[in-house]
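Listed below, chain by chain, are the residues.
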Amino acid sequence: GFGKFHERVYQRLRALDKQGKLPVYIDGCYVVSSPREIREGLEELRRMKREYNTEHLNVHTLKIFIDGTLKIHTAAMVEPYNDIPKMGVTSFSKEELADVIVKLNEDVMDLHTHTVGDAASRVVLDAVEIARKRLGESYRVRVTCAHLKFQHDADLDRFVKLGAFANFT
């Protein structure tokens, strides 16, 4: 939703790096929140990767909001919330997300997910498992699940097994 803003930021960062004034390394991303945005999101990410990558700036990651937050009961949970009979939902199914991972793999790009609830991270881990089976030895996407405020014990070891990164905040 902030494409023009991000475009200006990447333009400025690229200019600073070309002038030798960018003293840090920056990994950039393109954000989507629903399956209907994937085609355009991938096209924009590919374009930004071509146009903005420099020595210190690397735009190579698709960020997807898989669920919401615990506070307003939109985080996707395996079990219903204690205070209301609601479980939250994910924006992607495991199959839809596996298709995205396969497409990212073709372009050597990575995936960063907003995953607060345990059902959200389970969808991501299931998608990684499906994509790894499809791609075999050619699998090379780095998948990072961010936030991870609530995790199901049954899924904790799957991060290591599948090579997914758990970024707790």
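The structure under discussion appears in the preceding block.
All values reported here derive from a predicted model rather than from experimental measurement. (Residues numbered from 1 in each chain as written. Predicted model: local features only at pLDDT ≥ 70, side-chain atom pairs only at ≥ 80, totals over all residues. Heavy atoms only, no water.)

**Concerning the environment of Gly-117**
Note on placement: Gly-117 falls in the loop between β3 (110-115) and α4 (118-135). Considered as a pair, Gly-117 and Gly-68 are 49 residues apart in the sequence and their alpha carbons are 8.1 Å apart. (Helix = DSSP H or I, 4+ residues; strand = E, 2+ residues; numbered from the N terminus.)

**With respect to the pairing of strand β4 (residues 143-147)**
The buried count for β4 comes to four of five residues, which makes it a mostly enclosed element. Note: β3 against β4, five bridges, orientation parallel. Looking across to β4, one finds that Thr-113 is bridged to Cys-145. On the question of chirality, the crossover connecting β3 to the parallel β4 by way of α4 is right-handed. Strand direction decides the pairing type here: β4 and strand β5 (residues 165-168), joined by four bridges, are parallel. Along β5, the bridge assignment pairs His-147 with Phe-168. Following the chain from β4 across helix α5 (residues 153-162) to the adjacent parallel β5, one finds a crossover that is right-handed. (Buried < 20%, exposed > 50% of the residue type's maximum accessible area, 1.4 Å probe, protein only. Pairing = 2+ DSSP bridges. Right-handed = clockwise from strand over helix to strand, strands pointing away.)

**Some remarks on the environment of Ile-101**
Here Ile-101 lies in helix α3 (residues 94-106). Setting aside chain neighbours within four positions, we find Ile-101 in contact with Leu-111, Ala-127, Val-128, Ala-131, Tyr-139, Val-141 and Val-143. (Contact = heavy atoms within 4.5 Å.)

**With respect to the side chain of Asp-17**
Tracing the sequence through the fold places Asp-17 in helix α1 (residues 3-18). With residues near it in sequence (within four places) discarded, Asp-17 still touches Leu-22, Thr-54, Glu-55, His-56 and Leu-57.

**Description of the packing of α1 against helix α2 (residues 38-52)**
Packing of α1 against α2 leaves a shortest axis separation of 10 Å and a crossing angle of 20 degrees. Here α1 is positioned roughly parallel relative to α2, judged by the angle of their axes. Here α1 runs over α2; the crossing is right-handed. Only Glu-44, Arg-47, Met-48, Glu-51 and Tyr-52 of α2 make contact with α1, whose side of the interface consists of Glu-7, Tyr-10, Gln-11 and Arg-14. Residue composition of the contact of α1 with α2, by class: three nonpolar, one polar and five charged. (Axes fitted to C-alpha atoms, helices over the stretch in contact; angles between N-to-C directions. Parallel < 35°, antiparallel > 145°, perpendicular 65-115°, else oblique. Left-handed = near helix turned anticlockwise from the far one by under 90°. Nonpolar A, V, L, I, M, F, W, Y, C, P; charged D, E, K, R; others polar.)

**Details of α4**
Relative to the 26 Å expected for 18 residues at 1.5 Å per residue, α4 spans 26 Å between its end C-alpha atoms, a close match to the ideal helical length. For α4, the set of buried residues is Asp-118, Ala-119, Ala-120, Ser-121, Val-123, Val-124, Leu-125, Asp-126, Ala-127, Val-128, Ala-131 and Leu-135. Elements in contact with the buried residues of α4: α3, β3, β4 and α5. Looking one or two residues beyond α4, the residue adopting positive phi is Gly-136, at roughly 60 degrees. (Expected span 1.5 Å × (residues − 1).)

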